[in-house]
Amino acid sequence: VYISSAREFMQTPEEMVRIFSGQEGVEFNIFLSEGESHNSGGFLNSNIHIYEHGNPKFYQILEECAGIISTAGHSLLSEALYLGIPIYAIPVSLYEQHLNALVIEKNGFGIAYPKIAPQKLADFIENIPLFEKTIKSDKKALLRGAGQDKIIEFLDGLFSALSLNSGFGEIRKK
């Protein structure tokens, strides 16, 4: 669970811990901004671990996790999809976050919902294998492998088309 510190999040750490405590047999590693990580309400179950952003355990946990619950910023979502990890996306106020959440939901890479809700969380956990299969088999939305060659090829084609249509790049003799 990664809750961005960049924007106001509608749920408190205590509320999240209460919801996660209701999911037996699932381990939750929650990454919160400095100060919030100590605000868990004092009733952590053995399946819930809270860390501050920047904790070096993040990469190990990311490598081993089955699913990610996160605000819908681009960086972590793109890393998760590259690794084939399903996402429960929680968009905050930015347009980009709502667009990212829509992409997750519409392509079957996970779910998008404005908060962590017990039934949505249970649905997400139950469907992780299906979301993972969808991510790994996608041929439409996700770019596989290194993308710089495809991006350069696209831009070359775009600039070539622009220069042919607009007269840029023409050499004229006087």
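Details of the structure are given in the entry above.
Visitor: Looking at this structure, I do not really get the sheet that holds strand E4 (residues 87-90). What am I missing?
Guide: One key point about sheets: their strands pair by backbone hydrogen bonds, in either a parallel or an antiparallel sense. With respect to topology, 3 strands assemble into an open sheet ordered E3-E4-E5, the strand pairing being parallel. Looking at which strands have only one partner, the edges of the open sheet turn out to be strand E3 (68-71) and strand E5 (110-112). Each strand of the sheet is rotated relative to its neighbour by a mean of 15°, with strand direction disregarded. In the packing of helix H5 (residues 118-126) onto the sheet, contacts are made with E3, E4 and E5, and the angle to E4 comes to roughly 150°.

Visitor: In this structure, what is going on with helix H6 (residues 128-137)? I would like to understand it.
Guide: Structurally, the α-helix is built with 3.6 residues per turn, so residues lying three or four positions apart point the same way. Restricting attention to buried positions, one finds in H6 the residues Ile-128, Phe-131 and Ile-135. On an axial view of H6, the arc spanned by its buried residues comes to 65°, and they lie on one face. Exposed side chains of H6 directed beyond 90 degrees from the buried face belong to Pro-129, Leu-130, Lys-133 and Lys-136. Looking at the packing, one finds that the buried side of H6 touches helix H3 (74-83), E5 and H5.

Visitor: Teacher, can you tell me more about the pairing of strand E1 (residues 28-32) here?
Guide: Moving residue by residue along a regular strand, the side chains alternate between the two faces of the sheet. A large share of E1 lies buried, amounting to 5 of its 5 residues. Alternating positions in E1 separate into two faces, Phe-28, Ile-30 and Leu-32 on one and Asn-29 and Phe-31 on the other, with burial throughout. Looking at chain direction, E1 and strand E2 (residues 48-52) are connected through 5 bridges and run parallel. What sits directly across from Ile-30, in E2, is Ile-50.

Visitor: Would you explain a nonpolar patch on the surface in this entry?
Guide: Side chains of Ile-151, Phe-154, Leu-155, Leu-158, Phe-159 and Leu-162 sit close together on the surface and give an oily, nonpolar patch of about 590 Å² of accessible area. Its location among the elements puts Leu-162 in helix H7 (residues 148-166).

Visitor: Would you mind going over the nonpolar core with me for this structure?
Guide: Inside soluble globular proteins, nonpolar side chains tend to come together where they are buried. Of all hydrophobic cores here, the largest spans 23 residues; its most connected members are Phe-20, Ile-30, Ile-69, Tyr-88 and Ile-116. When contributions to this core are tallied by element, the ones reaching two or more residues are helix H1 (13-21), E1, E2, E4, H5 and H6. Per-element tally for this core: the top contributor is H1, with 4 residues. Apart from residues lying up to four places away in sequence, Ile-69 is in contact with Val-1, Tyr-2, Phe-20, Phe-28, Tyr-88, Ile-90, Ile-116, Leu-121 and Phe-124. Residues Leu-77, Leu-81, Ala-112 and Leu-142 belong to the second largest nonpolar core, which totals 20 residues.

Conventions we followed
- Residues numbered from 1 in each chain as written.
- Predicted model: local features only at pLDDT ≥ 70, side-chain atom pairs only at ≥ 80, totals over all residues.
- Heavy atoms only, no water.
- Pairing = 2+ DSSP bridges.
- Helix = DSSP H or I, 4+ residues; strand = E, 2+ residues; numbered from the N terminus.
- Axes fitted to C-alpha atoms, helices over the stretch in contact; angles between N-to-C directions.
- Contact = heavy atoms within 4.5 Å.
- Buried < 20%, exposed > 50% of the residue type's maximum accessible area, 1.4 Å probe, protein only.
- Arc of directions from axis to C-beta.
- Patch = residues over 30% accessible without salt bridge, like charges linked within 9 Å, V, L, I, M, F, W, Y side chains within 5 Å.
- Areas by Shrake-Rupley, 256 points an atom, 1.4 Å probe, with all protein chains shown as cover.
- Salt bridge = Lys/Arg side-chain N within 4 Å of Asp/Glu carboxyl O.
- Core = buried A, V, L, I, M, F, W, Y, C linked by side-chain atoms within 4.5 Å.

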